[in-house]
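For reference, the chains in residue letters:
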Amino acid sequence: MMIKKGMKVKILTGKDKSKDGEIIEIDRKKKRAKVKGINIVKKHVKTTKEKKGGIISKENFIHMSNLKIIDAGKKEEAKK
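This write-up is about the structure you can find in this document. (Residues numbered from 1 in each chain as written. Predicted model: local features only at pLDDT ≥ 70, side-chain atom pairs only at ≥ 80, totals over all residues. Heavy atoms only, no water.)

### Digging into the overall build of the chain
Reasoning step 1: Secondary structure assignment for the chain yields one helix and seven strands.
Reasoning step 2: Walking the chain from its N terminus toward its C terminus, one meets helices and strands in the order β-β-β-β-β-β-β-α.
Reasoning step 3: The contacts in the chain between residues at least 6 apart in sequence include a share of 47% that link residues at least 24 apart.
Reasoning step 4: Of the roughly 6,300 Å² of accessible surface on the chain, a fraction of 52% belongs to carbon and sulfur atoms. (Helix = DSSP H or I, 4+ residues; strand = E, 2+ residues; numbered from the N terminus. Contact = heavy atoms within 4.5 Å. Areas by Shrake-Rupley, 256 points an atom, 1.4 Å probe, with all protein chains shown as cover.)

This is how it looks when you write it as structure tokens:
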């Protein structure tokens, strides 16, 4: 089964092991996905005219082999 945006997944390895969350972004070329609230990293952002700088926390990509689908979402259930 292919992983899609909006699916619920469980993390199998790493610092967020056994947590679950929803996929918010996928990079198919590198086989990686961003999961809401998982693999949070601190990013230092420089101040520009439009944006205020500082240290922001955001999700980082995690490899798809470290994810397990637990809920395929509403679209998949409708097909069955």
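### Quick look at the environment of Ile55
Reasoning step 1: In this fold, Ile55 is placed in strand 5 (residues 54–59).
Reasoning step 2: Spatially, the C-alpha atom of Ile55 lies 6.1 Å from that of Val45, the residues being ten residues apart in sequence.
Reasoning step 3: Those residues in contact with Ile55 that sit more than four places away from it in its chain are Lys42, Lys43 and His44.

### Description of the side chain of Lys34
Reasoning step 1: Along the chain, Lys34 turns up in strand 3 (residues 32–35).
Reasoning step 2: A residue is classified by how much of its surface remains accessible, and Lys34, at 14% relative accessible area, is buried. (Buried < 20%, exposed > 50% of the residue type's maximum accessible area, 1.4 Å probe, protein only.)

### Side note on the sheet that holds strand 1 (residues 8–11)
Reasoning step 1: Within the open sheet, the five strands sit side by side as 6-3-2-1-7. Their pairing is antiparallel. Edge positions in the sheet fall to strand 6 (62–63) and strand 7 (67–71), since each has one partner strand and no second.
Reasoning step 2: As judged from the two bridges shared by strand 3 and strand 6, these two strands associate in the antiparallel manner. Looking at the pairing, Arg32 lines up with His63 of strand 6. (Pairing = 2+ DSSP bridges.)

### Describing unusual backbone geometry
Reasoning step 1: A positive phi angle is found at Lys31, which is not glycine, with a value near 55°.
Reasoning step 2: Within the fold, Lys31 resides in the loop between strand 2 (20–27) and strand 3.
Reasoning step 3: Positive phi values are uncommon outside glycine, yet Asn39 reaches one of about 55°.
Reasoning step 4: Along the polypeptide, Asn39 turns up in the loop between strand 3 and strand 4 (40–45).

### Concerning the pattern of salt bridges
Reasoning step 1: Enumeration according to the criterion identifies two salt bridges in this entry.
Reasoning step 2: Lys19 serves as the salt-bridge partner of Asp16, at 3.1 Å between the closest nitrogen and oxygen.
Reasoning step 3: Lys19 sits in the partly exposed class, given a relative accessible area of 41%.
Reasoning step 4: In this structure, Glu25 and Lys34 form a salt bridge, with 3.6 Å as the shortest nitrogen-oxygen distance. (Salt bridge = Lys/Arg side-chain N within 4 Å of Asp/Glu carboxyl O.)

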